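Observations on chain architecture
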Amino acid sequence: MSAVAAMLVVGLLSAAAAGMATNVASDLEAPWPFGLDILRKHPFASIVAATLLGVLAAFGVWRFQSSVDRGGREDGRNDSRTGQPLGAEPRQSSDDLGRLPRIGAGCAADPRLRIHRALSSPGPSDVTVSAPGRRHRSGATTDATPVVFVERTVGPEVRRWMRRARTDGGFLILIGDSCVGKTRLLYETARQELAEFSLLAPDLGDGGSVKKAARNVDTSPNLIVWLDELQRFLPGPYLTEGSTPIAAADIRRLLDSSTPVVVLGTLWPEYASTFRARNLLPDVPVPPPRYPAALDILEYERVDEIRLHSFSDAERAVAATLGVEDPRLAAALADRDYNVTEALAGAREVTARYARATPAQAAVLHAAIDARRMGIQSPLSGDLLCEAARGYLQAIYTDNSWFPPVLDELTSSRRRIDRATSPLMPIPAPDRRTIVGYTVTDYLMQQLTKERRTVQLSGATWRALVEKTANEDDLRRLAENAERRLQYPEAIEAYRRLCDAGSKGYVPVVVHLLTLAGELDEAVRVARAHSAAHPDNRSASDQLIDLLIEGRRPDEALGLLRNRLDDGDPSVEDRLFRLLMAEGRSAEAIDLARTRVGAGVAGAAERLIDLLASNGQSVEAIERARVQADAGDARAVNTLINLLADNDRSAEAIERARDRAENSTDWHAHARLIELMAEHGQLDEAIQLLTDRYDPEVPFSSSSKLYKLLTEHDRLEGEVQALRGRVGDGDAGAARLLVDLLAWASRFDEALEVLGLRADGNGPSPERRLAEVLRGQWRPDKAIAVLRSRARPDDHPASDLLAELTIDPDVEIEEYEVNSGMAVEGWPRTSWAVGGLIDRGRIDDAIERLRAEVSENREAALWLAALLARTDRVEEAVTLLRDRADAGDWEAGGDLSALLLKHRRVDDLRAEVRAGTYGAAERWLEFIEKEEGDPARVARIRREGLAADRPRLKRLPE
C-alpha cells in the first residue's frame, strides 16, 4: 500500500471513530474542556477535526517507518558529495549491458555520476570564516537542479578526444584538485558527443562490475564505463575493505572490443603521483614502482590524461554571462574567497564548519587528516579517531564519553545549516547496512593536508595510529612515514607488527632501525633469529655480521665468515680478510691466503701479494709479483710497478712502466709512466715525452695533460717560451701545441698572435682557428666568446663557425633528422635542445624550455631545479623541488634536502623532516651532529623520536 493510500485509510477510519465518539459524547451532560463544546454542538466539525488528526498521525507513522527503513543510513546522514542519503545510490548490473541507460538521456543530478550537488545559496553573505571555535550562521542548502554548465578552457580538447573515441574507444583521465569541475565536464561533454553510448557507473570500489563488463563487451552496444574517483578502483592504497580493484587485463579487453568502449575517470594530482611513486631500495639504481598493477593501467598506451584547473579569468567571464540565468552561478562568482566550482560545491560551508569546530571537534578532524597524511587509507574507525585525537585535546577527559557527541556533530547533515556537507563522512559497508568507518570530505581533506604538511604529530597520536591500524598496506605506509619523520620507536613497532603478520621481508628494516636507535643488543638478537630461520639468505647473514662487527664481537663475525667461505661462498672473502687485518691478525690472514694459493683459488696469489706488502713483507711481495708479471699477468705488472715505486726502486719501476707503455695503447699505461717520471726527478723527461708525443687526435698526448703537469710544477711559462723559440724556427707542431697551451690558460690574445704569425693569407683566420681549438677542447662557450669579440665582420669563415656554434638546437635536431632519417621526439628532443642551449651559454633559454616540460616530466623538473639553483634562484628551486617531493618524487626530495643544507636553511630542513620528505632526516641529523656538535641530541632523537626532541639550550654569556 502506498503512503498516500495509507494516510487516507487511516484518516477515514479516524473520522468514523470520531463520529461515533461524538454521538456518545453528545448524550453526556458534563462540559468539554478547553472550550471544545463546539464539537458537541456541531458534530460535523468534530468529524472534520478527527479526520485531520488522523491524517497527521498517519503521516507521522509513515515518516517514522521511513526512517526505520533507512537502516544503515545512520539517522539520515547524507553523502556530502551527492546530497543523497547514504546507501541511496541505485546499483547497476553489468550482466546485461544492453539494458543500461544512455548517457544522453541522463541528468547531472543522477547520484551514480557522483557530481557535486550545488548549493542553493553559496554566497559569502551566509557565513563568515574564522578560526576553530567561532560560531557562524548559514542558510545554504543543496539543490538537486544542476547549475547551468560553463564551458571550460580544456573543453575543446576533451571534446576532440571524445570524438575520436566515438569510433576508436579509449581511456581518458581528468587530473585536477577537488571541486574544480572534473566530473561535470566529463558528463556534459560525453552527453553531447557520446549521447547514444550506454552508461555503466559502478559503485566506488566495484571493480567486479568492470570485470563482468569486460567479459560481455563483445556483445554489447557502445559503452561508457564511468570511473569517477578512479583512485577507488585502482589497485593501491585507496581501496576500502571489501572493494575489488580493476585490472589492466580488463581495461585492455574493454578497449580492444569490436564496439567502441570509452572509459572515463578522474583523479587528484596527489593520487596520480602516489600511484606513480617508486620504492627506494638499497643498491637498486632504478627503483621499482610501488603500485605496479595500477601503473600498468595508468601507463597503458591508450590511456590519456588532461589537466583541469580551477576557473580561469576567461572561464569566469563566460560564467558571468550565464549568471543571469542561474542566480546560484552569480552568487558563486560574487564569492571573493572561493572560485566558482569550489563555491558551488560547498567549499565555504565545509570550511566554515571546520572553522567553528570546538577544540574537541578540531582534535578529531586533525586526527583524521593526520591519519590520512601518514598513509592510512582505509576507513578510519571510531576507535582510532577517538584515541588519535587525544593527542590534540586541550581539556582533560577521564573517559571516552566526550567522543560520541563530537562524532555525531562532525557527521551530521540533518539540520538545514548542515545541508551543504559534513566535515567527516561515514563510509557505508557494501551492503549498506552498517558504517565501516569515516573519512574527511574531499575539499577539506585536500586543503588541510596542505595546511598541516609540516605539523608534527604528538607522541600519543603516533602511538594510537600504530596500535589501531589493522590493514597491512596502511601499516606499511604508516611505518615508512614514521621512519622518514624520525619516529623510530613507532616505525619499529609498525614494522614488527607487519613481521608478525607474515611479512618477514621487513625484519632487516627492523634491525636497521633498532641499530639507529641505539638498541644494538636487540638488533643482534632479531638479526640472529632471522638468519637462523633463513640459513640460505645471504643478506640476513650479512646484516648479522655487520652488527657483530659494529658491536665489537669480531670472533663471532669471523666464525660466520669462515663458515660461509668453507661452504663455497666467495662473496665473503674480501670481508673476511679485511676484518682479520682490521683486528691486527695479519699473520692469520697471510696464512689463510697461502693456503688458498696452494689450493689454486683464482685471485689468491694477488691477494697474498697485497697482504704481504701491507704487512711490511715487501721483498717477498715484489718477488711474487715479478713471477706473476713475467708470466704475462697484466694486473701483476701494475702491482709490481707500484711496489717498486713504493720501495725506493724507482728506476726499475720506470723501466717497467716504459716497457708497458711502449707495448700498449692503453692511456693509463702512458699516464702512469709520466706520473712516475714527474714524481722521481725526471720531470724534464716527462715534459719532453708529452711534447714529443703531442698529437691533438691522440687522447694520452692531449695538451690538457701537458698543461696540467706544467701548471702543477710551475713550469708553464718556461715551456711557453721554449715553444715560442721553436715556432720562430718554423716548427708547425710546436705552434699548434703552443696555441693549445695558451688556449687552456685562456691567454687568447697571445694564441691569436701565434696563429697570426702562422697565417699564410689563404687559410682560415686566426680567430676561427682559435675557436676550432677551443671547440676541440670541449669549451664551445669560450669559442663563441672569441668569435664574437675578436673576429672581423667580413671574416665569413669565422661567421660561419659562429653560426654553427650558436645554431638553434631545434635546427640542429632537424638537420640530424634529415641526414639520419630518424625522428627525435618527446623528452629526447627536449633534452638535446636544452643541452645545446646550455653549451651555448643560453641558460635562461634552457630554463624556459624546461619550464614547458615540468608538469609532465620529472627529469625536466629536476634539471630545471638544478639550473635555477645554479643561477641563484634558490627560492624558486626550493618551491619546485618541494612540490615534486610532495607528489612522491623521492629524488626531488633528496635534491631539496641537499639544497637546503647547502644554504644552511636548517629550520626549513627540519620542516621537511616533519613533512616526511625523503632524505631530509639524514641531512638534518648530519647538521646537528657535525655543525652544531651535538651527537647526544642525535642519539636521543633516534632513540625517543622527533616528537620528544628538545633542542639543547645555549648558555647565555655571564
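Residues numbered from 1 in each chain as written. Predicted model: local features only at pLDDT ≥ 70, side-chain atom pairs only at ≥ 80, totals over all residues. Heavy atoms only, no water.

The chain goes by Tetratricopeptide repeat protein in an unreviewed UniProt entry, where it is assigned to Plantactinospora alkalitolerans.

The backbone of glutamate 229 shows a phi angle near 55 degrees, a positive value even though the residue is not glycine. Within the element layout of this structure, glutamate 229 appears in the loop between strand 5 (223-227) and helix 7 (248-255). In this structure, leucine 486 is a non-glycine residue whose phi angle is positive, near 65 degrees. Following the sequence through the fold, leucine 486 ends up in the loop between helix 19 (472-484) and helix 20 (488-500). (Helix = DSSP H or I, 4+ residues; strand = E, 2+ residues; numbered from the N terminus.)

On to the packing of helix 47 (residues 920-931) against helix 48 (residues 935-944). Between two packed helices, both the angle of their axes relative to each other and the distance between the axes serve to describe the pair. Here helix 47 crosses helix 48 at 145 degrees, and the two axes come no closer than 7 Å. Contacts between helix 47 and helix 48 involve Trp924, Leu925, Ile928 and Glu929 on the former and, on the latter, Pro935, Arg937, Val938, Ile941 and Arg942. Of the residues in the contact of helix 47 with helix 48, the class split is six nonpolar, no polar and three charged. (Axes fitted to C-alpha atoms, helices over the stretch in contact; angles between N-to-C directions. Contact = heavy atoms within 4.5 Å. Nonpolar A, V, L, I, M, F, W, Y, C, P; charged D, E, K, R; others polar.)

We now examine the nonpolar core. Core analysis: the biggest nonpolar cluster contains 225 residues, and Phe171, Leu230, Leu424, Leu770 and Trp924 have the highest contact counts within it. Not counting the four nearest positions on each side in its chain, phenylalanine 171 is found in contact with Trp161, Leu227, Leu230, Ile251, Leu255, Val263, Gly265, Ile297, Arg302, Val303 and Asp304. With 25 residues, the next largest nonpolar core counts Trp161, Leu186, Leu199 and Ile224 among its residues. (Core = buried A, V, L, I, M, F, W, Y, C linked by side-chain atoms within 4.5 Å. Buried < 20%, exposed > 50% of the residue type's maximum accessible area, 1.4 Å probe, protein only.)

A few words on the sheet that holds strand 4 (residues 198-200). Strand order in the open sheet made by the five strands is 4-5-6-3-7, with parallel pairing throughout. Here the strands that pair on one side only, and so sit at the sheet edges, are strand 4 and strand 7 (303-307). Averaged over all neighbouring strand pairs, the angle between strand axes comes to 20 degrees, with direction disregarded. Alignment of strand 3 (residues 170-175) against strand 7, held across five bridges, turns out to be parallel. Bridge pairing in strand 7 places isoleucine 173 opposite glutamate 305. (Pairing = 2+ DSSP bridges.)

Counting buried positions over the five residues of strand 8 (residues 424-428) gives four, a clear majority of the element. Counted between consecutive antiparallel strands, the loop separating strand 8 from strand 9 (residues 435-440) contains six residues, among which arginine 432 sits at a positive phi close to 65 degrees.

Turning next to the pattern of salt bridges. Under the criterion given, the structure shown has 76 salt bridges. Here glutamate 685 ties to arginine 658 by a salt bridge, and the two come within 3.0 Å at their closest N and O atoms. You can see glutamate 685 sitting in helix 32 (residues 683-692) and its partner arginine 658 sitting in helix 30 (residues 650-662), a full 27 residues away along the chain. Classification of glutamate 685 by relative accessible area gives partly exposed; the value is 36%. With its nearest N and O atoms 3.3 Å apart, the salt bridge here joins arginine 884 to aspartate 889. Bridged by salt links that share partners, the residues Arg538, Asp542, Asp546, Arg564, Asp569 and Arg575 form one connected network. (Salt bridge = Lys/Arg side-chain N within 4 Å of Asp/Glu carboxyl O.)

In this section: the packing of helix 32 against helix 33 (residues 703-712). It is at 10 Å that the axes of helix 32 and helix 33 come closest, and there the two elements cross at 160 degrees. What the angle tells us is that helix 32 and helix 33 run roughly antiparallel. The interaxial crossing formed by helix 32 with helix 33 has left-handed handedness. Of helix 33, the residues touching helix 32 (which contributes Leu683, Ala686, Ile687, Leu690 and Thr691) are Lys705, Leu706, Leu709 and Leu710. (Parallel < 35°, antiparallel > 145°, perpendicular 65-115°, else oblique. Left-handed = near helix turned anticlockwise from the far one by under 90°.)

Considering all chains together, one arrives at ten aromatic pairs under this definition. Between the aromatic rings of tyrosine 238 and tyrosine 271, the centroid separation amounts to 4.3 Å while the plane-to-plane angle is 55 degrees, which identifies the pairing as tilted. Placement of tyrosine 238 in the loop between strand 5 and helix 7 and of tyrosine 271 in helix 8 (residues 269-275) is noted, with a sequence separation of 33 residues between them. On the basis of relative accessible area, tyrosine 238 is assigned to the buried category, the value being 8%. Taken together, a centroid distance of 4.8 Å and an interplanar angle of 5 degrees make the contact between tryptophan 268 and tyrosine 271 stacked. As far as the burial class goes, tryptophan 268 and tyrosine 271 line up, both buried. The lysine or arginine in question, arginine 452, covers the ring of tyrosine 392, its NZ or CZ lying 5.4 Å from the ring centre. (Phe/Tyr/Trp six-rings, centres within 6.5 Å; stacked < 30°, edge-to-face > 60°. Lys NZ or Arg CZ within 6 Å of the ring centre and 35° of its normal.)

Our focus in this paragraph is the side chain of threonine 469. The residue threonine 469 is located in the loop between helix 18 (459-468) and helix 19 in this model. Judged by its relative accessible area of 3%, threonine 469 is buried. A polar contact is formed between the side chain of threonine 469 and the backbone oxygen of leucine 465, at a distance of 2.5 Å. Leaving out residues up to four positions away in the same chain, threonine 469 has contacts with Ile376, Leu384, Asp474, Leu475, Leu478 and Arg497. (Polar contact = N/O pair within 3.5 Å; in protein donor to acceptor, adjacent residues only side chain to side chain.)

Given a rise of 1.5 Å per residue, 15 residues ought to cover 21 Å, and the 20 Å separating the end C-alpha atoms of helix 14 (residues 359-373) matches this to within 8%. Taken across its 15 residues, helix 14 has 14 buried, putting it largely inside the fold. (Expected span 1.5 Å × (residues − 1).)

Moving on, we get to the pairing of strand 6 (residues 261-267). Regular strands place their side chains on alternate faces of the sheet. Of all seven residues that make up strand 6, seven are buried, and the element is covered over most of its length. Going residue by residue along strand 6, you find Val261, Val263, Gly265 and Leu267 tucked away on one face and Val262, Leu264 and Thr266 tucked away on the opposite face as well. Sheet analysis places strand 3 next to strand 6, joined by six bridges and oriented parallel. Following the sheet pairing, phenylalanine 171 is matched in strand 6 by valine 263.

Take helix 11 (residues 327-334) next. Looking at helix 11, one finds that the buried residues are Arg328, Leu329, Ala332 and Leu333. Down the axis of helix 11, the buried side of the element spans an arc of 140 degrees, and every buried residue falls inside it. (Arc of directions from axis to C-beta.)

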